[in-house]
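So you can see what is in the structure, the chains are spelled out below.
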Amino acid sequence: MSTERQAVRLRRQYTGEGRQAALAFYRRHGMHFGLVPDTNDPQQQAFEAAVLHTLARPRPALGPLHTPDAMLGLAAASPGVESLVLWPHPDHMTDLLLHLLPTRAADGIAGLPALRAVTGPYQDLVVRLLGRAARITVRATGADVERARAAALAAGREPLWDQKAAAVGERRAWDTVMDAFAPGESALWSRALRRPGLADPAGPAPWARRAPLAAELEGPKPQQLLPRAVGPLAGSVRGTVAVTPAGGLGGAGCSTVALQLAATLARGGTRVALLADPSDPSSPLDKQDREGEGPWRPLAAGLPTLRGAALPEGREEAKAFVALTRTQADVVLIDTGNGAYPHQHLVQEADLVLAVTRYDQRHWITDTETIDRRPEHAQMWAWLDRQYLQRPPRRELSDEQELLTFLDVVFADWVLARSWGDDGPGPDWEPDWVLLAQVAELEAGDIGELPGEDEEPGLDGWRAEFLAVVDAEGTRRHPHLWPQVSAAWPERNRRRNRAGLLATMPEAAEQEALCLELLEAVETEAIARWGSGLWQEHRYQWVTARAADQPLLQAYEDLIERIDILRPGPDVADLLLRPVNGLPTDRLMITLNRVRGDIDPQQLADVDHVLGERGARGVAFVPQLPELAELPWNTAVLVEQGGPQAAAGARLAVAVTDQLTASKSAGHH
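A. Structural context of the overall build of the chain. On a plain count of helices and strands, the chain comes out with 19 helices and 18 strands. The C-alpha atoms of the chain give 33 Å as radius of gyration, which overshoots the globular expectation for 669 residues (26 Å, by more than 25%). With the C-alpha coordinates of the chain rotated into their principal frame, the extents come out at 105 × 75 × 50 Å. Sorting the 669 residues of the chain into buried and exposed places 50% on the buried side. In the chain, the proportion of contacts linking residues at least 24 apart, taken out of those at least 6 apart, comes to 75%. Positive and negative charge centroids in the chain, built from 68 and 90 side chains respectively, lie 10 Å apart.

The structure is reproduced here in structure tokens:
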């Protein structure tokens, strides 16, 4: 039996998918990411785990899934490289969708909270988490979804899966699902969802009572699933890829993108050559020449199929070196550097050009809409908070209070100076008495913080020392106030420090008086806005909480939704293409680097489609990751097989190899 036929047969044993789907995976990826790959992305892993957990342990109102001929209604799965397709059994489609898609009734939220669903371009159902990039494709049509909607409505349940914002309690319900997983369990739930062929469809689903076990997910030949250099990625994908900054400006992170892509391909056994300008300070190449070793340098320990070399400075010499390297490697990556270096002309020698640009959220989001579902009294409290910040009541301090506050301020400075050395602040130390006139206007950031009374048992002694230092000058400047102030200050300072108050912060009683003063100032406007009944019933709760520094609004945070208003795909494409004039459009893939947060998956697909219509190769992205922050100076992370960095590299590598394969079959350069 051929290697391909054996691989397809084994994959089907694990996934239950059809022969054509298993064959398509192997012919696209070979064994470079494993035959039945797990996801390395923690966000995707959590989503997949939550999907299976929700199907295995539905809400009592829905009852269990009765699917004796399919594991929880799933006929098969197609696990890809950081992607997953689920194949519901056609006889159980409506029941499965009703148990998966979120609905709400008097008994609470059923289905997977915060899941949102939209029919994709191939009449597939794309399900994802609200505001997250994690996604799964379900082989279901719009008609299937409408049947599930009708079933939900007939059962008295409100569908939530097409709402823009989270429903009340939905975020908290999602957190409850996540809290159900012990450390390490979500990886097993995710793997079980990717391997439904191992489950006994005729037996009861064991995961209604316990988490999946590692042993039951190993299957018949676990060693034959491991990633290795077998199949198309090494055997048929060849080409030259130029990595260049969009607009020719530096700082986009081209060297990091090039090195991450090179290492990902090399981990699967692909022979990769990375060429770069040795004078570029961000280049991973060794700056020191090594006599007798030739031009090639190893770039990461543990990746023998990844080598790097310096590009010759001359234009023709550089072109000739690229041509020679193409005969010695499967994939040649050229880090062209920015406009300050002489190699940007090499983009014309490439089969694919990654135009790297920094992610700018303003290109993708035009505005953010806030939906406030908090009860009216909570909204009124938030309004009072804003009023307090916008027009804080002025503190009127007596001469005695000002002097006491002044001593708190300068004592904090004295303690700081005292803690610097055993000899204390020194004989010449004296407070800045000018501050006394400005003490009411001091900002919190200008005031030192005392150590806790329990942290520094010597504080009482320090207070006595401090008063001895300032006593003579205090008596001279304030002869009438000083006796009572110096007598009252130590206990007052101790009490305030125990309460965690900085020098100028009002105490609870004073804070309450200030809040009551604000209530009086805004009462007319508040009654006009909120009504007399609400105002009378709930205003003093705000005063009490603020005086005690209690987080009054924390319990209502999940009732505020901020919905991004997405820019249309054609407009985003215009913005992405604007800085890439002069680059070969027919070989161009826009590559967004350092993406913070998540791009809406449907919007990303729309932009990719528009770029394709305009002759480009679409869009790829690399997330902002701490693991990549030190590249290319610290390359140890590149050999790691798992984690967010490996997931990001795998997505980029698949996008690139798909394009190289497409350009080869289409007869491109």
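B. Spatial organisation of the pattern of salt bridges. Inspection of the entire model under this criterion finds 38 salt bridges. Asp 658 is the partner of Arg 28 in a salt bridge, and the nearest nitrogen-oxygen pair spans 2.2 Å. Of this pair, Arg 28 sits in helix H2 (residues 19–29) while Asp 658 sits in helix H19 (residues 644–666), and the two are 630 residues apart along the sequence. Accessibility expressed as a relative area gives 42% for Arg 28, which makes it partly exposed. Linking Arg 210 and Glu 216 is a salt bridge whose minimum nitrogen-to-oxygen distance equals 2.9 Å. In the salt-bridge network here, residues are joined through shared partners; they are Asp 408, Arg 492, Arg 495, Arg 496 and Glu 507.

C. Seen up close, the sheet that holds strand E10 (residues 272–276). One open sheet accounts for 8 strands, arranged E11-E12-E10-E13-E9-E14-E17-E18; its pairing is mixed. Here the strands that pair on one side only, and so sit at the sheet edges, are strand E11 (296–298) and strand E18 (619–623). Here the average twist between neighbouring strands, direction ignored, is 25°. When E10 meets strand E12 (residues 306–310), the two strands line up parallel, connected through 5 bridges. If you follow Ala 276 over to E12, its bridge partner there is Ala 310. Across the sheet, helix H9 (residues 254–267) touches strand E9 (239–245), E10, E12, strand E13 (331–335), strand E14 (352–358), strand E17 (588–595) and E18, and the angle it forms with E13 is around 165°.

D. Looking closely at the sheet that holds strand E8 (residues 158–159). Spatial ordering of the open sheet is given by E4-E3-E8, a layout of 3 strands whose pairing is antiparallel. Each edge of the open sheet is held by one strand with a lone partner, namely strand E4 (108–110) and E8. Judged from the 3 bridges that link them, strand E3 (residues 103–105) and E4 form a sheet pairing that is antiparallel. Opposite Ala 105, over in E4, you have Gly 108 as the bridge partner.

E. Examining the packing of aromatic side chains more closely. Within the structure shown, the criterion is met by 10 aromatic pairs. Members of the aromatic cluster, each reached through a chain of ring pairs, are Phe 411, Trp 414, Phe 466 and Trp 489. When the ring centre of Tyr 388 is taken as origin, the NZ or CZ atom of Arg 546, which lies over that ring, is 4.2 Å away.

Calculation notes
Residues numbered from 1 in each chain as written. Predicted model: local features only at pLDDT ≥ 70, side-chain atom pairs only at ≥ 80, totals over all residues. Heavy atoms only, no water. Helix = DSSP H or I, 4+ residues; strand = E, 2+ residues; numbered from the N terminus. Rg over C-alpha atoms; globule rule 2.2 N^0.38 Å. Buried < 20%, exposed > 50% of the residue type's maximum accessible area, 1.4 Å probe, protein only. Contact = heavy atoms within 4.5 Å. Lys, Arg positive; Asp, Glu negative; His and termini not counted. Charge placed at Lys NZ, Arg CZ, Asp CG, Glu CD. Salt bridge = Lys/Arg side-chain N within 4 Å of Asp/Glu carboxyl O. Pairing = 2+ DSSP bridges. Axes fitted to C-alpha atoms, helices over the stretch in contact; angles between N-to-C directions. Phe/Tyr/Trp six-rings, centres within 6.5 Å; stacked < 30°, edge-to-face > 60°. Lys NZ or Arg CZ within 6 Å of the ring centre and 35° of its normal.

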